[in-house]
Amino acid sequence: MSLAGEAVVAPAPEAAAPARPRAGAPRANPLLVLIVTGMVVALGSLGFVSAAPNRIVSGKPLALWVAVEPGVAALVAALVVALGASALIRSGVWRDRLIALIAAALLVASLLAAAHAAGLVAAASGPVARTSLGAAFWIVAAGAAFALADAVGRLAPHPLAQSAIAAAVVGALLALAASGALSDLSLAREFANRRAAYGAEMLRHLALVGGALAAALPIGTLLGLLALRRPGWRKPLFAVLNLIQTIPSIAIFGLLIGPLSALSGAFPGLRALGIGGIGAAPAVIALTLYGLLPVARGAFTGLASVPPAVIDAARGMGLDERQILRRVSIPLALPILVAALRVVVVQLTGLTVVAALIGAGGLGVFIFQGLGQTATDLILLGALSAIALALVFDLALRSLGELIATGERP
Amino acid sequence: MIVLDRLTKRYGPTVAVDQLSLTVPTGSICALVGASGCGKSTTLRLINRLIEPDGGRVLIEGTDAASLPAVALRRRIGYVIQSIGLFPHWSIARNISTVPELLGWTPARISARVDELLDLVGLDPALYRHRRPHQLSGGQQQRVGVARALAADPDLLLMDEPFGALDPVTRDGLQGALIDIQARTGKTVVIVTHDIDEAIRLASRIAVLDGGRLIQQGTPRELLAHPVNSFVEAFVGGPRRGLRLLQVTPVGERTDYSVDHGDACEPIAADAMLDAALALMVAGGTDRLPVRDQAGRRGTLSLADVVTS
Amino acid sequence: MSDIASGHTRPPAGALARLAARPAVWASLAFAAALMLLPYSGPLFHALFPDLPRPLYTRASFLDLALSHAGLVGLASLVVVSLGIAIGIFVTRPAGRDFAGPVDTLTAVGQTFPPTAVLALAVPAIGYGGAPTVIALIVYGLLPVVSATIAGLGAVPAAPVQAADGIGLSPAGRLVKVELPLAAPVILSGIRTSVILNIGTATIGSTVGALTLGSPIIEGLSGSNPAYVLQGALLVGLFAVATDLWFDELERALH
């Protein structure tokens, strides 16, 4: 049973999870206490940034109060303390608003503090010196982001509202980056050095996912319909699709190299089309194979979830098969179909990272280049971009699913 | 008039419907009854060609159903099923307007028709038009199911155990509503049921099926009075058959109009059924009841006349 | 249940025949055979790839690679299963209720992260080698197990739980004797997802310096040696499929 399949079969609880209201009597927020304790310990014992004389050597960790001017350190510390204090007051809407506000401020402040530290390092040690984000920064930032998400989840349970707030936060961070305030950070330098390549690889990543979707959606849907119409084929079909998902992606990519290079060797016309052992062709084929299971299972589960009585009534009233599919089956199956689409898009976005290993390009290029050059900030650039892309797709399709669900409820 | 002519349907080696011939006069309610698996539902679905026959014909007002496109045929025939099958993603109004929409009626005509039908099935249009199926009770949903089936004013209504999933009180109300609707619209109705009481109450003709064959057909009274074999006799009630016979025999048939019992109590109408008369006797502790027919003639019904014909 | 029980009472020959009918057995045998025979397959790969001077991966023995791969996944899975189920139990008890919502959110969001990105992030945090791979496998592998445990315990019907309370079981007794057995199939499917994902992620682990069956693949890709790629892909594919099929058997035994 694959991850993808699980999610398709049970979209509802997963979709509802971020929106779940917290039950129980009003009291302190133990999770936030835990988060703030973690922040305090991290700030006290780990480096907030790490400074290195150049790109390749590994840096020396600098604690927050060493890395930045006292006023900046005090601001970050004050926000952490304020977040901890707000965890102890009794629960209510205004507490969640306060937490959201402080957490958002802490997120921005810690990023600005790190950039400020990078500016100080650059001023002291020259332009080749590198300042990377340290463990304490990541713990504070992740904690603040999670506190923000948790508070927003309770304040605005609707995924559309959550999407709007997420977009606002991301927009603020992007504006900060665009303003040049962060440009002394090593991560920003890695990006600046590869601005053109970054855009190209991002587009490449999207193109690979899009190409695989273009093939997996129609084929997978047909397979799902086949499973629906021919009960005897159901078990072997899903067993085979499940087996494909079981095989590690890199193995499928690798196994396709031989046959495809043989093909392009035998038919030079294929090579002219760009089809060969390495590159986009094996990547899209492998990604398509992976996408088949969630798509087929989604189409099958969705259409099988339509009550037989409704189909019988529709047929008895004189709807033809196409009208039944268009007017009845697909609208009723839509929530499950969209959930399946979300699963397959997120999964393919992740798998495409690996495609860089067979020369197909995409965001994985930065990860594997970074791993090869021991350039940690290049690794971060690729990994964080891939994670962000998957999250954007997830949130967007979750919102779409919610829109459809509310459209159906009066 | 609906004529089933030697209709046959096989599933592999089993014969679901075996050379079944049956005539349903226009404007009557015909009940197909029998145990589960007797082929009654299959027969119904052969009429609107949800199932294609392996032999025989269905003639609707003289036209062979097989000569029409199946989809067009079904749009001319109302269809009501036990599990109702309302479209959960549509409002009540849109559910009812499905077939008129397919037939290309104007929106104004559809809208007027929806209100008319909701009135007919006893639901207030202002209240129910915009609701969703899940906001209605089972009985209300089936009222909508009947309205939806009647939407395009079909001459023929097919009902497959339409009230089988409802509680007895709701079922009783809907049976009454169906009798009323049929009386007002004059539709021809073929209804499948395993409930002989329902068949007796609703149908002017009952066809008893067993193993895909037609065993006996006739008016409820004919079946109760003269079952052709022990199967039909058991089906229509066995030892309780006599009680059901009272339900279909009018008081007037047993009344002695030579004796005027006077006005000791309120007289019973001559077209009431004997079961009602018997109930009055038991309740009043008497063995005689005054009777008055529609013409105003007076007479007397005695317990002995109820029991012996 | 019944076919396991009847399997015990049959004569050995019958049991053997039943064993032979299991695809898991065949996949495992194929994996073992590939491991044993690949070192002697030099001539075959010479014939297949005549242009390659060294068509057989020899930097490490395939057996060592497989053992290291299985060791990484096994170690991570051990931690994942014990920790994941513990977390899942904790947040479904009254004491941990407060954490249920956030943990649910975290697992849902975390599972959208590309596993390779999580693996890559372990390098800046820990460095290269087997350790970051195991850490990444644990972090990523926890998510499906935790969410499956929460889902499985949450889906236990109310009636048996009330009956357990009614006959006077303690909360711990109720958990062990009623809730966990009823949730077991769901939890097992979460473990399966986690293990299969981790076999795949561990394969990529060779890019961060772990010794796995992915090593020939990665080396073959960077050194343009398709024979290495084929050898690694064949072995890791068989390993994953065999493991997955054994989970099939386990699930069948549970039902």
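Structural data are supplied above this passage.
Residues numbered from 1 in each chain as written. Chains lettered and ligands numbered in written order. Predicted model: local features only at pLDDT ≥ 70, side-chain atom pairs only at ≥ 80, totals over all residues. Heavy atoms only, no water.

> Would you mind going over the interface of chain C and chain A in detail, with residue names and values included?
Between chain C and chain A, the residue contacts involve 43 residues of the former and 46 residues of the latter. For the pairing of chain C and chain A, the buried interface totals around 3900 Å² over both sides, and the portion due to carbon and sulfur atoms is 77%. It is Asp98(C), Thr112(C) and Leu221(C) in chain C that bury the most area against chain A; as a group they hold 15% of the surface buried on that side. Where chain C packs against chain A, one counts 0 salt bridges. At the junction of chain C and chain A, the tally comes to 3 residue pairs in polar contact (both at pLDDT 80 or more). Elements with a contribution of two residues or more to the side of chain C that touches chain A: helix H6 (97-110), helix H7 (115-126), helix H10 (171-204), helix H11 (214-222) and helix H12 (226-254) of chain C. For the side of chain C that touches chain A, the class distribution of residues is 29 nonpolar, 10 polar and 4 charged. (Contact = heavy atoms within 4.5 Å. Buried area = accessible area lost by both parts, 1.4 Å probe. Salt bridge = Lys/Arg side-chain N within 4 Å of Asp/Glu carboxyl O. Polar contact = N/O pair within 3.5 Å; in protein donor to acceptor, adjacent residues only side chain to side chain. Helix = DSSP H or I, 4+ residues; strand = E, 2+ residues; numbered from the N terminus. Nonpolar A, V, L, I, M, F, W, Y, C, P; charged D, E, K, R; others polar.)

> Hey, could you go over the packing of helix H5 (residues 62-92) of chain C against H12(C) for me, with residue numbers and the actual values?
For any two helices packed against each other, one specifies the crossing angle of their axes together with the interaxial distance. All names here are of chain C. Where H5 meets H12, the closest approach of the two axes is 12 Å, and the angle between their N-to-C directions is 45 degrees. With respect to each other, H5 and H12 are oriented oblique. In this structure, the crossing between H5 and H12 has a hand that is right-handed. In contact with Phe 62, His 69 and Ala 70 of H5, H12 contributes Gln 231, Leu 235, Val 236 and Phe 239. (Axes fitted to C-alpha atoms, helices over the stretch in contact; angles between N-to-C directions. Parallel < 35°, antiparallel > 145°, perpendicular 65-115°, else oblique. Left-handed = near helix turned anticlockwise from the far one by under 90°.)

> Got a sec to walk through the packing of aromatic side chains? Specific residues and values, please.
Counted by the stated rule, this structure contains 12 aromatic pairs over all chains. A ring pair is formed by Phe191(A) and Tyr198(A), whose centres lie 5.0 Å apart and whose planes are at 80 degrees; its orientation type is edge-to-face. Judged by its relative accessible area of 27%, Phe191(A) falls in the partly exposed class. Here Tyr57(C) and Tyr228(C) contribute two aromatic rings whose centre-to-centre distance is 5.2 Å and whose plane-to-plane angle is 90 degrees, an arrangement assigned as edge-to-face. On the criterion of sequence distance, the pair formed by Tyr57(C) in the loop between helix H4 (42-48) and H5 and Tyr228(C) in helix H12 is long-range, its members being 171 residues apart. When sorted by exposure, Tyr57(C) lands in the same class as Tyr228(C), which is buried. Through a chain of ring-to-ring contacts, the aromatic side chains of Phe48(A), Phe137(A) and Trp138(A) assemble into a single cluster. In this structure, Arg230(A) is placed above the aromatic ring of Trp233(A), and the distance from its NZ or CZ to the ring centre is 5.9 Å. Seen from the ring of Trp90(B), Arg94(B) lies directly overhead, with NZ or CZ sitting 4.0 Å from the centre. (Phe/Tyr/Trp six-rings, centres within 6.5 Å; stacked < 30°, edge-to-face > 60°. Buried < 20%, exposed > 50% of the residue type's maximum accessible area, 1.4 Å probe, protein only. Lys NZ or Arg CZ within 6 Å of the ring centre and 35° of its normal.)

> An account of the sheet that holds strand E11 (residues 268-269) of chain B is needed here, citing residue identities and associated values.
Residue and element names in this part refer to chain B. Strand order in this open sheet of 3 strands is E11-E12-E13, and the pairing throughout is mixed. Each end of this open sheet is capped by a strand with a single partner; those strands are E11 and strand E13 (298-302). Sheet strands in contact with helix H13 (residues 274-284) are E11, strand E12 (288-292) and E13, and its direction is about 75 degrees off that of E13. (Pairing = 2+ DSSP bridges.)

> Account for the arrangement of the chains, with residues named and values stated.
Out of 2 pairs of chains that touch, the pair holding the most contacts is chains A and C. No interface is formed between chain B and chain C, the nearest pair of C-alpha atoms being 24 Å apart.

> Pulling in residues and values, what's your account of the interface of chain B and chain A?
As a measure of interface size, the accessible area lost when the parts come together is often cited. Contact residues are listed per partner, giving 26 residues for chain B and 19 residues for chain A. In total, chain B and chain A occlude about 1800 Å² of area from one another, counting both sides; carbon and sulfur atoms represent 66% of this. When the buried surface of chain B facing chain A is broken down by residue, Phe87(B), His89(B) and Leu102(B) rank first, second and third, together holding 27% of it. Counting the contacts that link chain B with chain A gives 2 salt bridges. Its salt-bridge partner being Asp312(A), residue Arg45(B) comes within 3.0 Å of it at the nearest N-O pair. In this assembly, chain B and chain A are joined by 6 residue pairs in polar contact (both at pLDDT 80 or more). Of all the elements in the fold, those that place two or more residues in the side of chain B that touches chain A are helix H2 (70-75), strand E6 (77-81) and helix H4 (98-102) of chain B. With 4 residues, the single largest contributor to the side of chain B that touches chain A is H4(B). Its residues assigned to classes, the side of chain B that touches chain A comprises 12 nonpolar, 8 polar and 6 charged.

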